[in-house]
Amino acid sequence: MFEIYRSGAQAGLPLPGVERDLILQTHIQVIELYRRQLVRSRARAIWSRLLRRSNRLRQLPARHGGHQPVRDPAVRPVPLARIVGSEDRMRDFDHAFAPLQEYTRARWLSVATAWALGHALPAVELIQIGDDYYVRDGHHRISVARAFGQGAIDASVTVWQPAEAAEQLADAVLACAPAGD
């Protein structure tokens, strides 16, 4: 039997309150969706080679480049179109977050089945540099959201600001603080 992704943990069938037939029917539909995504990613790869363009996700720029991380404690929706790269999974997904490797299949199907059944999935973790976002955790959730035509996804965001901007922000905050006696 297959397993369904639930809140960060794997859990086997049956799920309470959900009929087994509905789960199996949903899983069959999700398998077809995965197959279509894989075919599309392979077609884009061929076109990219012919046009001599990259089809890969962008790699997160090196952190030592003078960036200061600032964590946003709130989970917020992020447009999927602004997610352009990854911290470490550039070979697993193409620039449209379609799967490229067969070994991603089981995880992708698990996440997609949970999504299709309406289970709440945890927010993805992103790193923001300027207007662009890079995935730290949640590649499969982003891939599935895009496959289902979603426009945005809930994310926990860490903003990487250039060191100078972080220092200017800190100075501005200190300047606005009331003076002590």
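Given the structure is predicted, the values throughout are model-derived calculations rather than measurements.

Undergrad: Lay out the overall build of the protein chain in plain terms, naming residues and giving numbers.
TA: Looking only at helices and strands, one finds 4 helices and 8 strands in the protein chain. Listed by position from the N terminus, the elements making up the protein chain come as β-β-α-β-β-β-α-β-β-α-β-α. Burial statistics for the protein chain: of 181 residues in total, 38% are counted as buried. Here the contacts in the protein chain between residues at least 6 apart in sequence split such that 77% fall between residues at least 24 apart. For the protein chain, the accessible surface area stands at approximately 10,600 Å², while carbon and sulfur atoms represent 52% of it.

Undergrad: I'd like a rundown of a nonpolar patch on the surface, residues and numbers included.
TA: On the surface, a nonpolar cluster with roughly 470 Å² of combined accessible area is contributed by I46, W47, L50 and L51. Here L51 lies in helix α1 (residues 20-51).

Undergrad: Lay out the pairing of strand β6 (residues 124-129) in plain terms, naming residues and giving numbers.
TA: Burial within β6 is extensive, with 5 of its 6 residues counted as buried. In this sheet, strand β7 (residues 132-137) lies alongside β6 in antiparallel orientation, the contact comprising 5 bridges. The residue of β7 that forms the bridge with I127 is Y134.

Undergrad: Break down the environment of F97 for me, citing the residues and quoting the values.
TA: By the secondary structure assignment, F97 is in the loop between β5 (83-86) and α2 (105-116). When its relative accessible area of 1% is taken as the criterion, F97 is described as buried. Counting along the chain gives 60 residues from F97 to Q37, while the straight-line C-alpha distance between them is 9.2 Å. Dropping the residues within four chain positions of it, F97 is found in contact with L57, I83, G85, V135, H139, I142, S143 and R146.

Undergrad: Explain α1 to me, using residue names and the numbers behind them.
TA: Two residues of an α-helix separated by three or four positions point the same way, owing to the 3.6 residues in each turn. Here α1 contains 32 residues, and its C-alpha end-to-end distance of 46 Å stays within 8% of the 46 Å for a straight helix at 1.5 Å per residue. Burial in α1 covers these residues: I23, T26, H27, V30, L33, Y34, Q37, L38, S41, A45 and S48. Just past α1, the residue R52 takes up positive phi, approximately 55°.

Undergrad: Can you tell me about the environment of T26, naming the residues and giving the values?
TA: Structurally, T26 can be placed in helix α1. Placed 86 residues apart in sequence, T26 and A112 show a C-alpha to C-alpha distance of 9.2 Å. Once residues lying within four places of it in the same chain are set aside, the contact partners of T26 are T113, A116 and L117.

About the criteria used
- Residues numbered from 1 in each chain as written.
- Predicted model: local features only at pLDDT ≥ 70, side-chain atom pairs only at ≥ 80, totals over all residues.
- Heavy atoms only, no water.
- Helix = DSSP H or I, 4+ residues; strand = E, 2+ residues; numbered from the N terminus.
- Buried < 20%, exposed > 50% of the residue type's maximum accessible area, 1.4 Å probe, protein only.
- Contact = heavy atoms within 4.5 Å.
- Areas by Shrake-Rupley, 256 points an atom, 1.4 Å probe, with all protein chains shown as cover.
- Patch = residues over 30% accessible without salt bridge, like charges linked within 9 Å, V, L, I, M, F, W, Y side chains within 5 Å.
- Salt bridge = Lys/Arg side-chain N within 4 Å of Asp/Glu carboxyl O.
- Pairing = 2+ DSSP bridges.
- Expected span 1.5 Å × (residues − 1).

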